[in-house]
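# A structural walkthrough
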Amino acid sequence: MRSPAAAFAWAFGRRHRFGFLALGAYLSALGVVRFLALTTELRLPTEWDVGFAFLVVVPGTVALYWLIIAFTFGSEGNLAGRQSIYPPRQYTLPVTTTALTAWPMLYGAACVALLWLATRIVAPWPVNLPIAVPLLWPGLLGLVLLAWTQAITWASYPLPAMRVVVTVVGLTSVQVLSVLAIELQASETLMVALLAPQLPLAFLVARHAVARARCGAVTDRSAVFERIGAALARRGLNHKPFANAGAAQFWLEWKRYGWSLPTLVAIVLPVELLLLWASRDAPALVFTILAIVALTPPCLASFTAIAVRKSGAGDDYGVSPFTATRPLSSAALVGARLRMAVWSAAAAWVLVIPAVPIALLLSDTWPIVADRARAVAGVVGTPRAIGFGALVLATLILTTWRQMVQSLYLGLTGRTGLIRGSGLAMLCGIVAVGPLVEWAWTSGARAWFWVGLFWTLGIIVAARMLLASWIAMRLHRDRLMSDRSLLAGAALWLAAVAAVYAVLLWLFATPIMPRFLLLLIATVAVPFVRLSAAPLALAWNRHR
Amino acid sequence: MADPVIQLSSLSRRFGQKTALDDVTLSLPRGVVYGLVGANGAGKTTIIRHILGLLRAASGTVRVFGMDPVAEPVAVLSRVGYLSEENDLPAWMSVGELIRYTRAFYPTWDDGYAEELRRAFGLDPSARIRDLSRGQKARAGLIVALAHRPELLVLDEPSSGLDPIVRRDILGAVLRTIAHEGRTVFFSSHLLDEVEEVADHVIIISEGRILLSAPLAEVRERHRVDGESLSLDAVFHALVGTPASPLPLG
């Protein structure tokens with residue numbers, strides 16, 4: 001290996017060899033299917049249906065996301081941090097900054113282009129698609145998506161978590177462009193003209209980002225928060241000793257992760273609510289904006305969960321000796337993090353709940369919402385409408401908290417393969433949800449689904465109970481939780497299920513809805529298994 | 001003899017194909033300074049991680065104060081002070097916050113002693129850990145390892161990469177700790193002169209096996225040439241089988 005270009009190629013190939021093997025196997029399988037269709041009587045889908053979705057759309061999208069993660073070094077850095085996620089070990093290589101930037105971008109672009117061309121040529125495209133499958137622009141869109149992701153993630157930011165916001169806004173814009181192009185049936189020439197100039201632009205931004213990171217030119221505005229902390233300290237608020245070890249650990253968790261969700265919400269919320277001023281004449285848009293606002297804390301919580309589920313402070317998932325040697329049980333360490341998530345979710349909603357009515361009043365859209373609320377109250381009755389609203393709000397707050405903590409049981413294991421594998425599985429699941437729902441509604445499976453719903457929920461509940469029993473036994477055997485704590489946890493969970501069941505009974509007091517179905521829903525809705533597995537995961541990581 | 005502070009029985013550990021510890025048995029009474037000596041990769045940190053309960057004994061048993069540190073981490077760790085070679089203190093904390101946070105975990109925390117150490121080490125309480133030099137970070141780590149007056153002080157390569165002044169501070173802290181009757185110090189090092197200076201009892205490890213575990217005076221007595229005691233450096237190289245003189249420069 002005598003050239004930097006070959007060394008870069010070798011490093012990517014070696015590090016991601018299993019991924020490339022899987023991608024090659026998938027494209028080969030696609031080629032075999034196409035070959036069989038040409039030479040035998042194998043029938044391929046003629047419409048945009050579930051078969052095509054699972055054969056091409058789902059694997060293709062997953063492959064694109066994987067390539068983006070691989071060529072941005074996304075699995076190596078801290079996305080929520082301020083520093084560039086470009087690996088610092090490469091800054092000392094005797095090559096120019098242009099080479100440091102260009103080779104990963106070029107290799108990534110080549111892989112994305114090959115993925116698209118292979119899919120375009122080999123995949124069995126249905127004949128009756130709404131538009132003719134273009135040759136160039138979808139691939140070019142993939143290149144643009146990759147290039148901007150590289151530029152955004154390699155840049156350093158003045159504040160923590162800013163990268164997440166910029167990534168969400170930037171990549172959503174590119175995705176919106178693709179949806180618009182399909183809806184408006186844009187020509188290939190127009191799309192190429194719109195997309196192609198972005199590639200050199202993204203390269204220049206990425207090169208500038210790497211150059212700044214390489215010489216350590218990183219603007220740090222987090223000192224603002226530190227000054228506030230120092231001012232509080234001077235006023236004596238930070239000098240009081242902690243009441244106990246649990247309180248000290250909670251303080252550490254809050255300082256490390258707790259503030260990030262309310263901060264993100266505070267950044268995104270005003271932008272969303274400003275849209276209300278533009279929607280005074282479009283009632284439907286008002287409700288769309290309100291739905292987006294309501295979903296903002298849970299969605300942002302799932303981003304902050306990436307950091308929250310880590311065992312230590314660094315980029316590594318392994319628990320640091322500093323944390324591992326705290327004289328505190330693994331259950332108490334997890335408990336402090338769960339409490340931090342409760343306060344973080346509450347702080348985020350404390351921002352949202354008053355901001356929405358204020359924005360509605362100031363933007364003169366309050367009457368639209370009030371009219372709809374009165375209409376609903378007229379149909380179901382005022383108490384039930386208020387109860388339903390309160391249930392939705394409580395569900396959203398609980399979901400925000402759940403999003404932050406539900407993957408703790410994976411992250412705290414510290415096993416990188418398990419964590420990344422579960423992430424990829426979740427990505428596949430998210431991509432597959434759309435086609436699955438479409439299939440359920442358009443095929444005969446819908447009837448089967450409803451008939452089997454009771455059984456499905458029953459099996460889920462039985463499996464959860466079995467798992468919960470096993471986890472409780474392990475917690476008891478490994479002395480991670482006392483008998484009293486285990487009993488208190490079980491009693492709390494039962495009380496929560498009973499409360500949810502009572503609310504559901506009151507809200508859906510109709511003979512159409514069987515009571516045992518409501519009980520099953522209440523049992524599934526209240527989290528238990530994954531949360532109780534978190535101390536086991538941390539203990540597995542802490543005592544290897 | 002009093003109950004041993006640390007007791008390892010037939011402890012073995014493998015990481016993949018590599019044997020990190022091979023049938024290690026040690027029984028260490030309290031009130032002694034133990035120096036664990038070995039080359040890089042000999043198994044020093046693996047022993048320390050077992051003592052702290054960060055590694056579960058795959059084969060054999062580990063007891064600290066008569067307890068399994070994995071099964072009873074709170075009871076064991078609340079009596080142990082630990083300074084890590086990695087020095088992984090939270091970078092965002094100030095020195096004052098680090099002291100305030102750590103204090104909450106130890107009922108035996110001594111505020112006066114912590115303040116005395118902080119002043120002696122010249123650390124500003126408002127300074128962020130990330131802004132400290134490597135030596136200052138080691139001193140900050142030492143304050144939180146010592147201020148609760150632990151019964152067992154565990155130091156993993158405490159002087160690694162530090163200048164002589166910081167090394168002197170650390171060795172001074174070790175001496176102060178043993179000044180209190182009944183306290184035990186267990187420290188690993190590859191700096192043989194440092195071990196020779198402070199340790200009462202030397203343990204030499206190579207490729208996961210304990211080659212020697214004896215009081216330093218006994219080691220000196222046993223290894224003599226022409227009536228002169230050999231240095232620990234010479235004893236170490238004789239046992240491990242490596243040349244005592246440095247390799248020639250290429």
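Position numbers for residues count from 1 along each chain, tracking the sequence in the order it is written. Chains and ligands are labelled sequentially in the order written, the chains with letters from A and the ligands with numbers from 1. Given that this is a predicted model, residues contribute local features only at a pLDDT of at least 70 and side-chain atom pairs are listed and counted only at 80 or more, while totals for whole chains, interfaces and linings are drawn from all residues. Water and hydrogen atoms play no part in the side-chain values, which are based on all heavy atoms of the structure.

## Topic: the overall build of chain B
Within chain B, the secondary structure is distributed over nine helices and eleven strands. Buried residues are those whose accessible area, probed at 1.4 Å on protein chains only, stays under 20% of the maximum for their type, while exposed residues exceed 50% and partly exposed ones sit between those limits. By residue count, 52% of the 250 residues in chain B fall in the buried class. Partitioning the intrachain contacts of chain B with sequence separation of at least 6 by distance along the chain shows that 68% fall at a separation of at least 24. Each accessible area is a Shrake-Rupley estimate made with a 1.4 Å probe; only the visible protein chains count as cover when residues are assessed. Accessible surface, chain B as shown: approximately 10,900 Å² in total, 50% of it carbon and sulfur. Under the DSSP-based scheme used, a helix requires at least four consecutive residues in state H or I and a strand at least two consecutive residues in state E, with every element numbered from the N terminus. Residues are treated as being in contact if the distance between any of their heavy atoms lies within 4.5 Å.

## A word on the overall build of chain A
Helix and strand counts for chain A come out as 22 helices and zero strands. Looking at chain A as a whole, 40% of its 544 residues qualify as buried. When contacts within chain A are restricted to residue pairs at least 6 apart in sequence, those whose partners lie at least 24 apart make up 82%. Accessible area for chain A stands at about 28,100 Å²; split by element, carbon and sulfur atoms hold 73% of it.

## Concerning the pattern of salt bridges
Take a side-chain nitrogen of Lys or Arg and a carboxyl oxygen of Asp or Glu: if they are within 4 Å of each other, that pair is a salt bridge. Considering all chains together, one arrives at 16 salt bridges over all chains under this definition. Ionic pairing is found between Lys255 of chain A and Glu97 of chain B, a salt bridge with its closest N-O pair at 3.4 Å. With one member in each of two chains, Lys255 of chain A in helix H10 (residues 245-258) and Glu97 of chain B in helix H3 (residues 95-103) form a pair that bridges those chains. Take Glu97 of chain B: its relative accessible area is 11%, and that puts it in the buried class. Ionic contacts of the salt-bridge type, sharing partners, join the residues Lys255 of chain A together with Glu97 and Arg128 of chain B into one network.

## Things to note about the environment of Ile386 of chain A
Its place among the elements puts Ile386 of chain A in helix H16 (residues 382-405). For the pair Ile386 of chain A and Ala373 of chain A, spaced 13 residues apart in sequence, the C-alpha to C-alpha distance is 9.3 Å.

## Looking at the pairing of strand S5 (residues 80-83) of chain B
Residues and elements named next belong to chain B. Side chains Val80 and Tyr82 of S5 all project onto a buried face; the interleaved residues Gly81 and Leu83 project onto the opposite face, where all are buried too. For S5 and strand S6 (residues 152-156), the ladder comprises four bridges, and the chain directions are parallel. Each residue of the ladder has a partner; that of Gly81, found in S6, is Leu153. Note on pairing: two strands pair once DSSP finds at least 2 bridges between them.

## Here's the deal with a nonpolar patch on the surface
Residues and elements named next belong to chain A. The residues that make up patches have over 30% relative accessible area and no salt bridge, and they are joined within 9 Å when like-charged or within 5 Å when they are Val, Leu, Ile, Met, Phe, Trp or Tyr. Taken together, the side chains of Leu79, Val168, Phe303 and Ile306 present a nonpolar region at the surface, about 270 Å² in accessible area. Tracing the backbone shows Val168 in helix H6 (residues 162-183). The class for Val168 is partly exposed, based on a relative accessible area of 32%.

## Re the sheet that holds strand S8 (residues 201-206) of chain B
All names here are of chain B. With respect to topology, six strands assemble into an open sheet ordered S5-S6-S7-S3-S8-S9, the strand pairing being mixed. Two strands close off the open sheet at either side, each with one partner strand: S5 and strand S9 (209-215). Each adjacent strand pair in this sheet contributes to an overall mean axis angle of 15 degrees, direction not counted. Alignment of strand S3 (residues 33-37) against S8, held across four bridges, turns out to be parallel. Across the sheet, residue Gly35 finds its bridge partner in S8, namely Val202. Interaxial angles span 0 to 180 degrees and are taken between N-to-C directions of axes, which are lines fitted to C-alpha atoms, for helices over the stretch in contact. Contacts between helix H1 (residues 44-51) and the sheet are confined to S3, S5, S6, strand S7 (184-189), S8 and S9, with S7 contributing the most and set at about 150 degrees to the helix. Seen against the sheet, helix H5 (residues 134-146) touches S5 and S6 and runs at an angle of roughly 175 degrees to S5.

## A few points about H16 of chain A
Over its 24 residues, H16 of chain A extends 35 Å from the first C-alpha to the last, a length consistent with the 34 Å expected when each residue adds 1.5 Å. Looking only at H16 of chain A, the buried set comprises Ala385, Gly387, Leu396, Thr400, Trp401, Arg402, Met404 and Val405 of chain A. Expected helix span is taken as 1.5 Å per residue step, with the number of steps being one fewer than the number of residues.

## Things to note about the sheet that holds strand S2 (residues 18-28) of chain B
All names here are of chain B. In space, the three strands of this open sheet follow the order S2-S1-S4, with antiparallel pairing throughout. Edge positions in the sheet fall to S2 and strand S4 (59-64), since each of these pairs with one other strand and no more. Adjacent strand axes in the sheet meet at a mean angle of 20 degrees, parallel and antiparallel pairs treated alike. With seven bridges joining them, strand S1 (residues 6-15) and S2 adopt antiparallel strand pairing.

## Describing the interface of chain A and chain B
Across the contact, 28 residues belong to chain A and 34 residues belong to chain B. The contact between chain A and chain B buries some 2,900 Å² in all, and 60% of this surface belongs to carbon and sulfur atoms. Put simply, buried area is how much 1.4 Å-probe accessible surface two parts lose in total, over both of them, once they are put together. When the area that chain A buries against chain B is broken down by residue, the three leading residues are Phe322, Pro327 and His543 of chain A, summing to 24%. Our enumeration of links across chain A and chain B arrives at two salt bridges. Between Glu72 of chain B and Arg479 of chain A there is a salt bridge, with its nearest N and O atoms 4.0 Å apart. The definition of a polar contact used here is a pair of N or O atoms within 3.5 Å, where within protein one atom must be able to donate a hydrogen and the other to accept one, and adjacent residues in sequence count solely through side-chain atom pairs. The tally of links from chain A across to chain B stands at nine residue pairs in polar contact (both at pLDDT 80 or more). If you tally residues by element for the side of chain A that touches chain B, the top one is H10 of chain A, at seven residues. The nonpolar class holds Ala, Val, Leu, Ile, Met, Phe, Trp, Tyr, Cys and Pro. Asp, Glu, Lys and Arg form the charged class, and all remaining residues, Gly among them, are polar. Residues belonging to the side of chain A that touches chain B are distributed by class as follows: twelve nonpolar, eight polar and eight charged.

## Quick word on the side chain of Ser12 of chain B
All names here are of chain B. Along the chain, Ser12 falls in strand S1. Only 2.8 Å separates the side chain of Ser12 from the backbone nitrogen of Asp23, close enough to count as a polar contact. Non-local contacts of Ser12, meaning those with residues more than four positions away in its chain, are made with Leu21, Asp22, Asp23, Ala58 and Ser59.

## Points about the environment of Leu52 of chain B
Structurally, the position occupied by Leu52 of chain B is in the loop between H1 and S4. Linking Leu52 of chain B and Val154 of chain B, residues 102 residues apart in sequence, is a C-alpha distance of 8.7 Å. Not counting residues within four places of it along the chain, the set of residues in contact with Leu52 of chain B comprises Thr325 of chain A together with Pro69, Leu77, Val80 and Tyr82 of chain B.

## A few points about the confidence of the model for chain B
Values of pLDDT, ranging from 0 to 100, describe the predictor's confidence in every residue of the model. Looking at chain B, pLDDT values average 84 and 92% of them are 70 or higher. Note on residues 245-250 of chain B: pLDDT under 50 across the span, and zero contacts to partners over four residues away in sequence or across chains.

## Let's talk about the packing of aromatic side chains
Paired rings are identified among Phe, Tyr and Trp, the last through its six-membered ring, by centres lying within 6.5 Å, and are further divided according to the angle between planes into stacked (under 30 degrees), edge-to-face (over 60) and tilted (the rest). Within this structure, the stated rule accounts for 16 aromatic pairs over all chains. Ring geometry for Tyr86 of chain A versus Trp154 of chain A: centroids 5.0 Å apart, planes at 85 degrees, classification edge-to-face. Residue Tyr86 of chain A is located in the loop between helix H3 (50-71) and helix H4 (97-122), and its partner Trp154 of chain A is located in helix H5 (residues 137-154); the two are separated by 68 residues in the primary sequence. For the pair shown, Tyr86 of chain A and Trp154 of chain A are each scored as buried. Measuring from ring centre to ring centre gives 6.1 Å for Trp251 of chain A and Tyr101 of chain B, while their planes differ by 35 degrees; the resulting arrangement is tilted. Highlighted residues: Trp251 of chain A in helix H10 and Tyr101 of chain B in helix H3, drawn from two different chains. An aromatic cluster is built from Phe12, Phe20, Trp66, Phe71, Phe73, Tyr86, Tyr91 and Trp154 of chain A, whose rings are joined through pairwise contacts. Counted as over-ring charges are cases with an Arg CZ or a Lys NZ within 6 Å of the ring centre that also lie within 35 degrees of the ring normal. Just above the ring of Trp251 of chain A sits the side chain of Arg100 of chain B; from NZ or CZ to the centre is 5.7 Å.

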